[in-house]
Number of protein chains: 2
Amino acid sequence: CLLRPSQPLQRDHFFLTMTMRFCAVLLISLFGGFLPSVALADDTTTTTTTTTTTTAATTTTTTRANQLIQNTRSSNKVVGEFLDEIGFYQSITVTEDSPIYQARSKYQDIEVHTSHHYGKILVLDGVTQLTERDADAYNEMMAHMPMMEHMEPKRVLVIGGGDGYVVSEVLKHPSVEHVDHVELDEDVIKVCQTHFSWGKAWDDPRVTLHVTDGAAFARNAPKGYYDVIIQDSSDPFGWDEDGNEFELPSAVLYTKEHLENLYQALSSDGVLNFQTDTYNLPHDLEDAKEWREKLLEIGFESSRYGSLSISSYPTGQFGFLLCKKINGSGPNLAEVERRFDDMVERGLSTTYYQPKFQEGAFLLPLWVDKYLYGTHEQKGSKLNMKNEL
Amino acid sequence: CLLRPSQPLQRDHFFLTMTMRFCAVLLISLFGGFLPSVALADDTTTTTTTTTTTTAATTTTTTRANQLIQNTRSSNKVVGEFLDEIGFYQSITVTEDSPIYQARSKYQDIEVHTSHHYGKILVLDGVTQLTERDADAYNEMMAHMPMMEHMEPKRVLVIGGGDGYVVSEVLKHPSVEHVDHVELDEDVIKVCQTHFSWGKAWDDPRVTLHVTDGAAFARNAPKGYYDVIIQDSSDPFGWDEDGNEFELPSAVLYTKEHLENLYQALSSDGVLNFQTDTYNLPHDLEDAKEWREKLLEIGFESSRYGSLSISSYPTGQFGFLLCKKINGSGPNLAEVERRFDDMVERGLSTTYYQPKFQEGAFLLPLWVDKYLYGTHEQKGSKLNMKNEL
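Residues numbered from 1 in each chain as written. Chains lettered and ligands numbered in written order. Predicted model: local features only at pLDDT ≥ 70, side-chain atom pairs only at ≥ 80, totals over all residues. Heavy atoms only, no water.

## Thoughts on the overall build of chain A
Piece 1. Helix and strand content of chain A: 13 helices and 17 strands.
Piece 2. Across chain A, the fraction of contacts at a sequence separation of at least 24, relative to all contacts at a separation of at least 6, is 67%.
Piece 3. When the accessible surface of chain A is summed, it comes to about 13600 Å², and 49% of that surface belongs to carbon and sulfur atoms. (Helix = DSSP H or I, 4+ residues; strand = E, 2+ residues; numbered from the N terminus. Contact = heavy atoms within 4.5 Å. Areas by Shrake-Rupley, 256 points an atom, 1.4 Å probe, with all protein chains shown as cover.)

Right, dumping it as structure tokens:
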């Protein structure tokens, strides 16, 4: 989810961007390096079926940290991501028996890991998609923000989100009569039905699952049909082992043609929620700005970047573009609160989302505001130059 | 900044808490492990003067990630932190010549590192205090949030914050007549005067620097004198090499007696901003709740947890408790905006803070709200049990 083409139709530009900014995903035995002797280190060698390279290395650490790590660490295995563009790495320690599920579908590598604090973790092609601990942050915001911007959402289209979490949140709204869920990879759905509590979303009679390409589905969708469309897709591009980028299944969901099809498929007061990325990665923020401008060109009257906090995604911050055909349509806060209270009374409360996010999620750091909505450069472009060593 | 005693006067309880939750700080050559041969790995062995243990280890990784890391990584050195309680690690890659400054003061190890994206990084006793890239998030929110909650802040006390950033933000307010800045470690001030742009704060004639213990200063402060007090302190406790905890200089800033002294030193409509930690660490959130309740017991009419986004602090989220002697005192949003516009006109704009945070910073994930202000348990306490493997 951290890779977006800034100019999907200009592949040369895109390739240059990508080579500068990729986030490499690492599944490594991080803490093997902290053990005090070679013999011990050898004992703790870990392998996953995706690992193909084994290397020896010299690692140094402080005595105190070393001591503490040895006393308390529960596992040598982590699921981690490295963001080369900003030199940032983060990882979550997983249990020794991880991954508890691992297979290659027609489209991607699917893994389920377990961890003490974050619970189960779904990993697709090496990228963390969700954890039981904090998947509510992303999925509740992706679902309820657009649903609550519409007066009475009856027909909903969800593209991607094969884990079922967004669909299960959409179904909490009693106005919903029909949900079309379009997911390319049926194996992801099957894995989530087995491993995650929200894997029951598809049992609801209001949901029709379409195992197909989201772009083709949108092209053929009836015009003006949906009140809300939520695009919760995975990365459009990847790289082969020589560092060349290649299209992933989701690439078609990032063309201007596809966005125009989404606009056409929405009713006259329709709302689109479009997954974006973190403002902490300069090129992701660049992309968010470009996508926002494209969405306005296409005809949306408003397109705003909403922010959420989620520690299992690198840098702990993630965003979405909430787009409305008619700016100012939808209920006021009092009405949103009434609908939310009604959900809670029916035993369908959220854990992250609350009604005040309908305004508060769009409150951004000043420099992000100025860059996205103004003509300012990103913060620290001078800092970067100063530090080009 | 990630360690807080939940019961500072009950050391047994505190010790138990700490042993479960410490965040061990690691300065390691993380990416040495990704090189393809032993010979190459040996070539890239890195040392810092704080490292005392050298070990060999076996590391596995995916071919693709390995390839990309080798193509693009600029350094083998990182500054990182491991949060044992949640099995979370994050690091920032620093340049090969890091640290560019390193010394032991009377109280702590002081280091300055450099990095391509985050700029210079100040590290005290192995814990990242600030980076040039995103120190604005923490320091602007610590300073302007309480300043803007007071009608006309004239006299300000800043405890800790030896880097000078909070003081330099406080000075942007034209109503300020006098700032007492209390910092224990003069060497931190000297290092920041040399290495960081906000190290000029102490040249302002309105600032009086007191190199002394903040608790003693507060005990002797004139009653009712300060309009705003900002406590920007470092960790109260550490561990020795046998894993036993010991008091750090800041421990005295976390007793109920000290908080009462702060309350007494504030004017009748005074405002306190008190550094707290992330809600992503269960024990830090527990502490925030306990501190909040203590502050209300002492006499503050309101104490609210404000949130900010900062990727260089582990999990990317951090917080503070904003406490007011009189709930509802202070300017309305229009007046805050007028004062802010005035700052901007005088060329003293912020980069992270904007006036709407006076309300928006207190909008939290629903589960955090329910835990801090209600009687609910933290989210996922059941999740934790389910995953106690």
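## Structural notes on helix α8 (residues 256-265) of chain A
In an α-helix, one turn spans 3.6 residues; hence positions three or four apart end up facing the same way.
Piece 1. The complete set of buried residues in α8 of chain A reads H258, L259, N261, L262, Y263 and A265 of chain A.
Piece 2. If you follow the buried residues of α8 of chain A, they end up packed against β9 (155-160), α7 (214-220), β12 (226-232), β15 (266-275) and α9 (282-298) of chain A. (Buried < 20%, exposed > 50% of the residue type's maximum accessible area, 1.4 Å probe, protein only.)

## Some points on the domain arrangement of chain A
Residue and element names in this part refer to chain A.
Piece 1. Here the domain parsing of chain A yields domain 1 (78-130) and domain 2 (134-375).
Piece 2. Taking only C-alpha atoms, the centre of domain 1 and the centre of domain 2 are 22 Å apart.
Piece 3. The interface is formed by 25 residues belonging to domain 1 together with 25 residues belonging to domain 2.
Piece 4. Summing both partners gives a buried area of about 2100 Å² for domain 1 against domain 2, and 66% of it is carried by carbon and sulfur.
Piece 5. The largest per-residue losses of area from domain 1 upon contact with domain 2 belong to E85, Y107 and L130, which jointly make up 28% of the total buried on that side.
Piece 6. Counting the contacts that link domain 1 with domain 2 gives 0 salt bridges.
Piece 7. Between domain 1 and domain 2 we count 8 residue pairs in polar contact (both at pLDDT 80 or more) in total. (Domains from an automatic or database assignment. Buried area = accessible area lost by both parts, 1.4 Å probe. Salt bridge = Lys/Arg side-chain N within 4 Å of Asp/Glu carboxyl O. Polar contact = N/O pair within 3.5 Å; in protein donor to acceptor, adjacent residues only side chain to side chain.)

## Side note on empty space enclosed by the protein
Rolled over the atoms, a probe sized like a water molecule indicates the empty space that remains.
Piece 1. For the structure shown, the criterion picks out 8 cavities of 30 Å³ or more.
Piece 2. Estimated volume of the largest cavity: approximately 370 Å³.
Piece 3. Residue lining of the largest cavity: 26 residues in total, with S307 and L363 of chain A together with S307, S309 and L363 of chain B positioned closest to the centre.
Piece 4. For the lining of the largest cavity, the secondary-structure elements that each account for two or more residues are β16 (302-309) and α11 (357-360) of chain A together with β16 (302-309) and α11 (357-360) of chain B.
Piece 5. Split by residue class, the lining of the largest cavity holds 16 nonpolar, 10 polar and no charged. (1 Å grid on protein atoms, 1.4 Å probe; cavity = no way out; pocket = protein on both sides within 12 Å on 5 of 7 lines; lining within 4 Å. Points joined across faces, edges and corners; volume = space filled by probe spheres on them. Nonpolar A, V, L, I, M, F, W, Y, C, P; charged D, E, K, R; others polar.)

## Quick look at the pattern of salt bridges
All names here are of chain A.
Piece 1. A complete count under the given rule lists 20 salt bridges over all chains for this structure.
Piece 2. The salt bridge involving K172 is made with E169; its shortest N-O contact spans 3.0 Å.
Piece 3. Assessed through its relative accessible area of 12%, K172 is described here as buried.
Piece 4. Here R346 ties to D342 by a salt bridge, and the two come within 3.3 Å at their closest N and O atoms.
Piece 5. For R346, a relative accessible area of 37% gives the class partly exposed.
Piece 6. What you see here is one network of salt bridges that share partners, running through R104, D109 and D125.

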